[in-house]
Amino acid sequence: MTATPLGHVWLVGAGPGDPGLITVAGLAALRRAEVVVYDRLAAPALLDEAPADAERIDAGKRVGDHTMIQDEINALLVTHGLAGKRVVRLKGGDPFVFGRGGEEAIALADAGIPCVVIPGVTSAIGGLARGGIPVTHRAVATSFAVITGHEDPSKPEAGVHWDRLATSVDTLVVLMGVGNIDGIAAALIAGGRDAATPAALVQQASTPAQRVLTSTLGEIAAAARDAKIEAPALFVVGDVAGLQPLLDPAHLAPLAGKRVLVTRTRAQASTLADTLRAEGAWPVLLPALEIEERIDGDAFREVARNLMLGRYRWTVFTSPNAVDAFLDALWETGGDARLLRGNLICAIGPGTARALAARHIHADLIPTEAIGEGVVAALAARQGEEAIAGARILLPRAEGARDVLPDGLRAAGAEVEEMTLYLAAPPAAAPPEALAAVRAGKIDIATFTSSSTVRNLATLLGGDLSPLRSATIVCIGPIVAEAAREHGLEPHVVAEEHTIEGMVAALRAYVHSHSGRG
Ligand code: SAH
């Protein structure tokens, strides 16, 4: 009998809440995990990074009549380690800052199981920073202490010496202190700290639900009660808390902390979502359309034959989806991009041109205005070999697309052959959390990149878009803006350049000019 090879445990700090704040090493370990044992404070989105078949164990959940005690967690890690598994123990913040990571590492060492500690961004520093409070600041604070507020300071056996900490450290960061905030504030004042010292609370730091409350040491406990501040929260005392208004994330970057609705398809959402995240915003992904293929096989084979015979002068692509659907279909029938060599290619705008470029196809024409009218004008202006009068034009596109383009081209004397590729349909199921956020009016900014996203979102919401009335409405172009108006939403931002980059640039300019500093 061969012995089971030993497993390995990584004690990983998940960061203070924002899933983007895990370390590169922590993410790498997570992506290779076979078992993930996680805490309540670790960002739920991080669990999606583990392989789909990894076992996920909630160490904060109730077992029988109690939540798992530390000995049980240690035993769980040891058991999986002995079973030869790659185990990630994912903990909020840093594993060694009030995370009992030390105890787990010692238990593993005692059992002879290899363990690697991957530090994390502790909420005591990083969470506070996202709340707009620096733990140190030149000439304001030259020292800080991180203290547990778990013990009731009025108990004689309490281990924290609030009286000594009160005046010996500039910045006091108290974790787990919301429940005892009255006693802690009183103990610090009794210890000699001025009641007028700035103080603050940061609840659910570095998450979309973050709340910051600023006050003074003397008044913060009452203010916390009025504002209904709840755990998890950071309690900070010191002059650095007075800098909060200057360093509030929204003051530093206009999109920071804003919830932005992204309605594109899942496959297309990532560029927009990444750009928004990089600016400090929270993208809320609610794909409002799914691409349903609607290609008629016989019709498509006829088109492929005509292409081969060089019967079209132009092929016009009106969306990246059309490019992909068309070339995928060509590929499936045994053909490829060479079939397009006999005709000129028009892309409605830069986004579509980029989709063609990704397939190594140059667009011969990209009209300056990326809407149907722009395409008609640009094509009608071509001369000689490229003229459209009397020429055959292939127009592969979505079911139910506007008639402006084919009508305009026909009016200019072209013979237009339309070909249905796909239907931009509402998704069968939308992510419930995103839908709930929209319904609850929690969206600050809603983005729309096609008319179908507007229509389909209305369908998903049971016919009306009124939960978005107080949001900033952003449209990629005038046609989408029109669709928004038809659904009762007045667009605040309509991009001049009809691309994702153009839309984000227009949004940034708008938000900046409305943040009082533009
Ligand atoms: N190891 C963690 C701390 C665990 S103790 C770390 O390094 O951050 C749990 C306490 O941390 C909570 O009671 C709260 O005071 C604080 N905390 C953790 N995450 C937080 C967050 N996102 N916002 C505010 N406080 C947080």
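Residues numbered from 1 in each chain as written. Predicted model: local features only at pLDDT ≥ 70, side-chain atom pairs only at ≥ 80, totals over all residues. Heavy atoms only, no water.

So, on to the overall build of the protein. The secondary structure content of the protein amounts to 20 helices and 22 strands. Taken along its principal axes, the extent of the C-alpha atoms in the protein is 95 × 70 × 40 Å. Burial status across the protein gives 49% buried among its 518 residues. Considering only intrachain contacts with a sequence separation of at least 6, the fraction spanning at least 24 residues in the protein is 68%. Carbon and sulfur atoms make up 53% of the accessible area of the protein, which totals about 24100 Å². Across the protein, 45 positive and 59 negative side-chain charges occur, with their mean positions spaced 2 Å apart. (Helix = DSSP H or I, 4+ residues; strand = E, 2+ residues; numbered from the N terminus. Buried < 20%, exposed > 50% of the residue type's maximum accessible area, 1.4 Å probe, protein only. Contact = heavy atoms within 4.5 Å. Areas by Shrake-Rupley, 256 points an atom, 1.4 Å probe, with all protein chains shown as cover. Lys, Arg positive; Asp, Glu negative; His and termini not counted. Charge placed at Lys NZ, Arg CZ, Asp CG, Glu CD.)

With that settled, the discussion passes to the side chain of S206. With respect to the helices and strands, S206 occurs in the loop between β10 (198-203) and β11 (211-216). When neighbours within four sequence positions are excluded, S206 is seen to be in contact with P16, G17, D18, L21, R130 and W282.

Before going further, it helps to examine helix α4 (residues 101-110). One full turn of an α-helix is made of 3.6 residues, so residues set three or four places apart face in the same direction. All of the buried residues along α4 are G101, E104, A105, A107 and L108. Seen end-on, α4 carries its buried residues on one side only, within an arc spanning 160°. Looking at α4, the residues exposed on the side facing more than 90 degrees away from the buried face are I106, A109 and D110. Packed against the buried residues of α4 are β1 (8-13), α3 (70-82), β6 (86-91) and β7 (115-118). Just past α4, the residue G112 takes up positive phi, approximately 75°. (Arc of directions from axis to C-beta.)

Hydrogen bonds along the backbone pair up the strands of a sheet, which may run parallel or antiparallel. Spatial ordering of the open sheet is given by β8-β9-β12-β10-β11, a layout of five strands whose pairing is mixed. Only two strands of the sheet have a single partner each, and these edge strands are β8 (144-148) and β11. Strand after strand, the sheet turns through a mean of 20° between neighbouring axes, direction not considered. Pairing analysis gives five bridges linking β8 to strand β9 (residues 171-175), with the strands arranged parallel. The residue of β9 that forms the bridge with V146 is V173. The sheet strands contacting helix α5 (residues 123-130) are β8, β9, β10 and β12 (233-237), and the helix crosses β12 at an angle near 85°. Packed onto the sheet, helix α7 (residues 181-190) meets β9, β10 and β12 and runs at close to 15° relative to β12. (Pairing = 2+ DSSP bridges. Axes fitted to C-alpha atoms, helices over the stretch in contact; angles between N-to-C directions.)

Next up on the list: the domain arrangement of the protein. Splitting the protein by domain gives domain 1 (8-120), domain 2 (125-252), domain 3 (259-289 + 427-513) and domain 4 (293-425). Placing the centre of domain 1 and that of domain 3 at their C-alpha centroids yields a distance of 36 Å. (Domains from an automatic or database assignment.)

Now for the site of the ligand. Neighbouring the ligand are 17 residues; P16, V97, T122, S123 and A233 lie closest to it. Within the side chain of T122, one N or O atom sits 2.7 Å away from an oxygen atom of the ligand. Counting only domains with at least three residues in the shell around the ligand, you end up with domain 1 (8-120) and domain 2 (125-252). (Near = heavy atom within 4 Å. Polar contact = N/O pair within 3.5 Å; in protein donor to acceptor, adjacent residues only side chain to side chain.)

Before going further, it helps to examine the sheet that holds β7. Pairing in this open sheet of five strands is parallel, and the strands run β3-β2-β6-β1-β7 from one edge to the other. The outermost strands of the open sheet, each flanked by one partner alone, are β3 (55-58) and β7. In this sheet, adjacent strand axes meet at a mean angle of 15° when their direction is disregarded. Packing against the sheet, α3 makes contact with β1, β2 (35-38), β3 and β6, and its axis sits at approximately 155° to β6.

Turning to α7, a few remarks are in order. Those residues of α7 lying buried are I181, I184, A185, A187 and L188. Seen end-on, α7 carries its buried residues on one side only, within an arc spanning 160°. Elements that come into contact with the buried residues of α7 comprise α6 (162-168), β9, β10, α8 (220-226) and β12. After α7 finishes, the residue G192 shows a positive phi value of roughly 110°.

Where nonpolar side chains cluster on the molecular surface, the patch consists of F98, I125, F144, V146 and M176 and spans about 410 Å² of accessible area. Inspection of the secondary structure assignment puts V146 in strand β8. Of the residues examined, V146 reaches a relative accessible area of 31% and is grouped as partly exposed. (Patch = residues over 30% accessible without salt bridge, like charges linked within 9 Å, V, L, I, M, F, W, Y side chains within 5 Å. Salt bridge = Lys/Arg side-chain N within 4 Å of Asp/Glu carboxyl O.)

To continue, consider the pattern of salt bridges. This structure, assessed with the given rule, holds 26 salt bridges. A salt bridge links R294 to E292; the shortest N-O distance between them is 2.7 Å. A relative accessible area of 32% means that E292 is categorised as partly exposed. A salt bridge links R294 to E399; the nearest nitrogen and oxygen atoms lie 3.2 Å apart. Residue R294 is located in the loop between β15 (290-293) and α12 (297-308), and its partner E399 is located in the loop between β18 (392-398) and α16 (404-411); the two are separated by 105 residues in the primary sequence.

Okay, unusual backbone geometry next. Of note, the amide linkage connecting A231 to P232 takes the cis form, showing an omega dihedral of -5°. Locating P232 in the fold gives a position in the loop between α8 and β12. Unlike most non-glycine residues, A139 shows phi in positive territory, near 70°. Within the secondary structure layout, A139 lies in the loop between α5 and β8. One non-glycine residue, Q204, lies in positive phi territory at about 45°. Take Q204: it is sitting in the loop between β10 and β11.

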